[in-house]
Amino acid sequence: MALTSVGKMVGLQKKTSGIRNICILAHVDHGKTTLADCLISSNGIISSRLAGKLRYLDSREDEQIRGITMKSSAISLHFVKGDQEYLINLIDSPGHVDFSSEVSTAVRLCDGCIIVVDAVEGVCPQTQAVLRQAWLENIRPVLVINKIDRLIVELKLTPQEAYLHLKNILEQINAVTGALFTSKVLEERAEKETESESISDAASGDQIYDWSAGLEDTDDSHLYFAPDHGNVVFASAIDGWGFGIEHFAKLYSQKIGIKPAVLLKTLWGDYYLNTKAKKIMKGDQSKGKKPLFVQLVLDNIWSLYEAVMKRDKEKIEKIVTSLGLKIGARESRHADPKVHLNAICSQWLPISDAVLSMVCNKLPSPLDITAERVEKLMCVGARTFDSLPPETQELKSAFMKCSSEGTAPVIVFVSKMFAVDAKALPHNKPRPLTQEEIAHRRELAKRRHAEKLAANQGKELSEKPPSENSSEVTGNTGDTKGEEQQHTGQVEIVTSKAMKEEADNKESFIAFARVFSGVVKRGQKIFVLGPKYDPAESLHKVRAGYCSATDDLPLVPHMSCCTLENLYLLMGRELEDLEEVPAGNVLGIGGLQDFVLKSATLSTSPACPPFTPLNFEATPIVRVAVEPKHPSDMPQLVRGMKLLNQADPCVQVLIQETGEHVLVTAGEVHLQRCLDDLKERFAKVQISVSAPIIPFRETITRPPKVDMVNEEIGKQQKVAVIHQTKEDQNKIPEGIQVDSDGLVTISTPNKQATLSVRAMPLPEEVTRLLEENSDLIRTMEQLNTSLNEDKKTHDVSQKTLDRIKEFKQKLEQNLQGRKWRNAVDQIWSFGPRKCGPNVLVYNFEGYKRSVWQCLGNTVKEVSKYRDFDNSIVSGFQLATLSGPMCEEPLMGVCFTVEKWEMNKVGEMPSASSQNSEEYEVCSANEHQDSSQSVPKSPEKISKHKGEVLLADCYGPFSGQLIATMKEACRYALQAKPQRLMAAMYTCEIMATAEVLGRVYAVLSKREGRVLQEEMKEGTDVFIIKAVLPVAESFGFADEIRKRTSGLASPQLVFSHWEIISSDPFWVPTTEEEYLHFGEKADSENQARKYMNAVRKRKGLYVEEKIVEHAEKQRTLSRNK
Ligand SMILES: Nc1nc2c(ncn2[C@@H]2O[C@H](COP(=O)(O)OP(=O)(O)OP(=O)(O)O)[C@@H](O)[C@H]2O)c(=O)[nH]1
Ligand SMILES: [Mg+2]
């Protein structure tokens, strides 16, 4: 097929109803890029022989070498179906978990997606993950079951078995969709219920609670994948074939004389053909009947494969002629039967036709965007759509219309920035000339030639021919005279040299974007709205419709104005210049690198809200520190890291307090790619990389009941008095009282305040709850801050309030018993960073400010504590950010402040006095009394208080309080048994029975734990689910691959934190323990090993005995 010209594409871009923006999603290696190749080859961009081998969209070198996709990339295809023409903007995405952020960026720009599933492997973890992502973005999926050839060639299934296997896969995938759907319906129903509840408050008390009510009256049939709905294609991308059942329904309706509609309904399912009666009967397989699908479809494919693989020439000939195909001699004589097969199949059942017509039929055009999706895109965080300013709400109709009229506001979303070599930009490279241009040049050259001849004849040689415009002479038309060629050649060299120099040291960033409304034009001015931009606050500052020069743009937070320099059509490895792009299209935008970091919303209307942030599934967890090999290269490295940060949606680049430059990536493969990019593209300097920095968490546990040799504690004699005292020595702080129950009491250096703090481990479920709801906690924090500052608060949606209430309830359910009484109501703060998995609880009289303020019942706090409570919270934040073991963040700890005493104002002694007992201590009640008794001079008091509290030799009082609180928390923590927590990966490994043993060996060597092992139905593949500490995971995937000769390949996904059961400070104290471990206990203590490694890395003091008794070593032979 001929290449489609850019002009044609531009024409198609204007017909919005014929546009399909789609992405291909799947688990790693299920054949996305191969499928994309087949679709691309239908447009003549690559030859059909190379389709599947080239992997055209894997344009990076490392993608080709490793054979996995790492970046999503887009290409526009032209497809004709009947008399309709379509423009398909196709995005290929990576399947490896490390790159799941690339999937998020792709999904946001699309209206539909093709889910690819390997017919052998079936539904894998990433298949579920991408289905969930598609679901979260409200985009419609269609299914391609790929690699059916493997069922024939590798598994050697019979058609009947293959049918059952395929049916099974469909059921699995529909089960995943079903689960997503059910959860959503239930949620919606709950919402409706609360609404109606508030209207008719419990009118009928004896209503029966029927949880399935919502499910029954919702039609969900369109959600499921079913071949008879036309949303499933069976394919083998590598062999170039694929079909939907309508193809066969049409074919056989003529042959056997049954209506296509009937066949379409019965071709998939338990139906069989009664040949005598010429009827289709519903039947079961127990009667030995072949289902229609087997009889009419699979049998044919199987026999074709058999014939070609066995090189049965006669049979092949028969099939080929009966199908009316023409196979070239080259293919039919090729040594590899696969080539022959590919030639036959791709003519018989061309995969691109099947897939693209399914896409055009079943997936929506940009015009069909749903109101639900629009509202979801426009409402950030706790906002409701109704709370947006009216101008903003009006924009919804622009979204829905997706209009390209001149008056429509322009709305564009940039989902990621990607770097291209400046040399690859269209205006920097010579492009092939179109026919018209060649003709035009020929004309020019002829004219010039004629002029010259005429000049020669008229003997007027003094005038040179007028010099040509350099932009016109980049190619060689083949028709010009040698003289002109020289001339043009020179111009070309000069311009290209200058460009080359410029391009050499420049990476150009292109924004990967989609136009949701209006027409973007080159040179247009547009607002760039950051994720925190709030139209409600800023709209009045900017005149509506205002978007002129950047200079006099009023200062509006999170908003800037820029010019769209270049617009590109994304064509895989190539980019094509465009002048304008109408609504509904995916495009590349150049010149935004100074305005957009990773993603942004662009609009001509300042009323436009920023789009909701992308849903990222992966948690960046692998950290390394990088530094240049030559210290003088530091500036380049810093610049390079900045570029890398911009070019990758998921990487984090940090500079730590220690001055280290740290990269945080999603996994090993991602890390490798980032380092390669840094070395070769962005920094171009030699770098050295530290060993991965493994994150830990610190926590405390309940005191153990048994000791290290499983003896009950307290029954044996403690013998290790030496250890005991030494341990205590470490902990003895001056002026700090620790009672037997772990309550720590400590005073500020100026003795003005005394705090008592206790640390307790939180139940596991509570920690998990806190982690899951960290976003909610952050929202609560924002609400509370604005409440405290008496700022006008945002309209909080009822939904958010309900979520907060529900969260509180769940906490209450999990924190029961005497020691947690009132704890939930008295939660003061979360930490670290005010949203972490630790809590601060106050448990003293007279204080009332809790995190639940935002739920309404606010009490204005007017106690003496008010001025300083921030210091206490800050101290807690600091303490939870780095624990005493190895300065890693805490997790699952509750600190209770049981006493907070402040000396009575006005009786301030000098700070040097040591005797704190003398001072009168006031409780909150007393304070209230005293403030009532001296109501006349509040200023005086505060002035006095301020003077005394601030002026002492220990520095500002608030600072002292922070430090004291931090110390108190640390000692409280040390009074309890401390433990390290390790980050854990889960992984799913697929392995065949032969290599199973070796997989287990590797797992146990690395402290992995197998959770589950099951056999995949119909295959000899085992699926092993295991957890593995992140600390032991480096090189794990490689080792497994090597040990199993590439048969097993795990993907590691961060799952949770787990307490390491051994005590890092443990030393033997009882007789049994001495017997078992020896005096030094120098056998492995995993927790201590980890702890010391972290301390060493951080340059902290490590208590390690290297040699205890130095003895001269002697060899026996010398001794003789
Ligand atoms: N037997 C068989 N192999 C296939 C088929 N389609 C793809 N493959 C092979 O599967 C491997 C992976 O294919 P890719 O297209 O790179 O897979 P992918 O889904 O793009 O992988 P990632 O992008 O890394 O997630 C390649 O070796 C392909 O040759 C098929 O239909 N049959
Ligand atoms: Mg790929």
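Read on for an overview of the structure. (Residues numbered from 1 in each chain as written. Chains lettered and ligands numbered in written order. Predicted model: local features only at pLDDT ≥ 70, side-chain atom pairs only at ≥ 80, totals over all residues. Heavy atoms only, no water.)

So, on to the packing of helix H4 (residues 100–108) against helix H5 (residues 125–136). Contact geometry for H4 and H5: axes closest at 10 Å, N-to-C directions at 30 degrees. When the axes of H4 and H5 are compared, the pair comes out roughly parallel. Seen from above, H4 lies across H5 with right-handed handedness. For the pair H4 and H5, contact is made by Ser100, Val103, Ser104 and Val107 and by Gln126, Val130, Gln133 and Ala134, respectively. By residue class, the composition of the contact of H4 with H5 is four nonpolar, four polar and no charged. (Axes fitted to C-alpha atoms, helices over the stretch in contact; angles between N-to-C directions. Helix = DSSP H or I, 4+ residues; strand = E, 2+ residues; numbered from the N terminus. Parallel < 35°, antiparallel > 145°, perpendicular 65-115°, else oblique. Left-handed = near helix turned anticlockwise from the far one by under 90°. Contact = heavy atoms within 4.5 Å. Nonpolar A, V, L, I, M, F, W, Y, C, P; charged D, E, K, R; others polar.)

What follows covers the packing of helix H27 (residues 869–881) against helix H30 (residues 957–974). Put simply, H27 and H30 touch, their axes get as near as 7 Å, and they point 45 degrees apart. By the criterion of interaxial angle, the relationship of H27 to H30 is oblique. Judged by the sense of rotation from one axis to the other, the crossing of H27 with H30 is right-handed. Together, Ser871, Ile872, Ser874, Gly875, Phe876, Leu878 and Ala879 of H27 and Ser958, Leu961, Ile962, Met965, Lys966 and Cys969 of H30 make up the contact between the two elements. Of the residues that constitute the contact of H27 with H30, the class distribution is eight nonpolar, four polar and one charged.

This paragraph deals with the side chain of Ser100. Positionally, Ser100 belongs in helix H4. Here Ser100 is in contact with Gln126, Gln133, Glu617 and Ala618, once residues within four sequence places are set aside.

Attention now moves to the nonpolar core. Among soluble globular proteins, nonpolar side chains are generally buried collectively. Core analysis: the largest hydrophobic core is formed by 116 residues, its most contacted members being Ile114, Ile589 and Leu592. Excluding residues that lie within four positions of it along the chain, Ile114 makes contacts with Ile22, Cys23, Ile24, Leu25, Leu35, Val142, Val144, Val355 and Val359. Residues Cys113, Leu263, Cys345 and Val420 belong to the second largest nonpolar core, which totals 100 residues. (Core = buried A, V, L, I, M, F, W, Y, C linked by side-chain atoms within 4.5 Å. Buried < 20%, exposed > 50% of the residue type's maximum accessible area, 1.4 Å probe, protein only.)

Applying the stated criterion to the full structure yields 25 aromatic pairs. Ring geometry for Tyr163 and Trp268: centres 5.2 Å apart, planes at 70 degrees, overall edge-to-face. Separated by 105 residues along the polypeptide, Tyr163 in helix H7 (residues 159–199) and Trp268 in the loop between helix H10 (260–266) and strand E8 (271–274) bring together distant segments of the chain. Centre to centre, the rings of Phe413 and Phe611 are 4.9 Å apart; their planes meet at 10 degrees, and the pair counts as stacked. One end of the pair, Phe413, is in strand E10 (residues 411–421); the other, Phe611, is in the loop between strand E19 (600–603) and strand E20 (622–628), with 198 residues separating them in the sequence. (Phe/Tyr/Trp six-rings, centres within 6.5 Å; stacked < 30°, edge-to-face > 60°.)

Around ligand 1, the structure places 19 residues, and the nearest of them are Lys32, Thr33, Thr34, Thr69 and Asp149. One of the backbone N or O atoms of Gly31 is found 3.0 Å from an oxygen atom in ligand 1. For ligand 1, the accessible surface in isolation is 650 Å², of which the surrounding protein chains cover 84%. In terms of residue count, the dominant contributor to the shell around ligand 1 is helix H2 (residues 32–41) (three residues). (Near = heavy atom within 4 Å. Polar contact = N/O pair within 3.5 Å; in protein donor to acceptor, adjacent residues only side chain to side chain. Areas by Shrake-Rupley, 256 points an atom, 1.4 Å probe, with all protein chains shown as cover.)

The next thing to look at is the sheet that holds strand E21 (residues 652–655). Strand pairing in a sheet is mediated by backbone hydrogen bonds. Such pairs are either parallel or antiparallel. The four strands are arranged E21-E22-E20-E23 in an open sheet whose pairing can be described as antiparallel. The sheet terminates laterally at E21 and strand E23 (687–689), the two strands that pair on one side only. With strand direction ignored, the average angle separating the axes of adjacent strands in the sheet is 30 degrees. Pairing analysis gives four bridges linking E21 to strand E22 (residues 661–665), with the strands arranged antiparallel. For Gln652, the partnering residue across the bridge sits in E22 and is Val664. (Pairing = 2+ DSSP bridges.)

Everything listed here is a matter of coordinates, which is why it stays silent on function.
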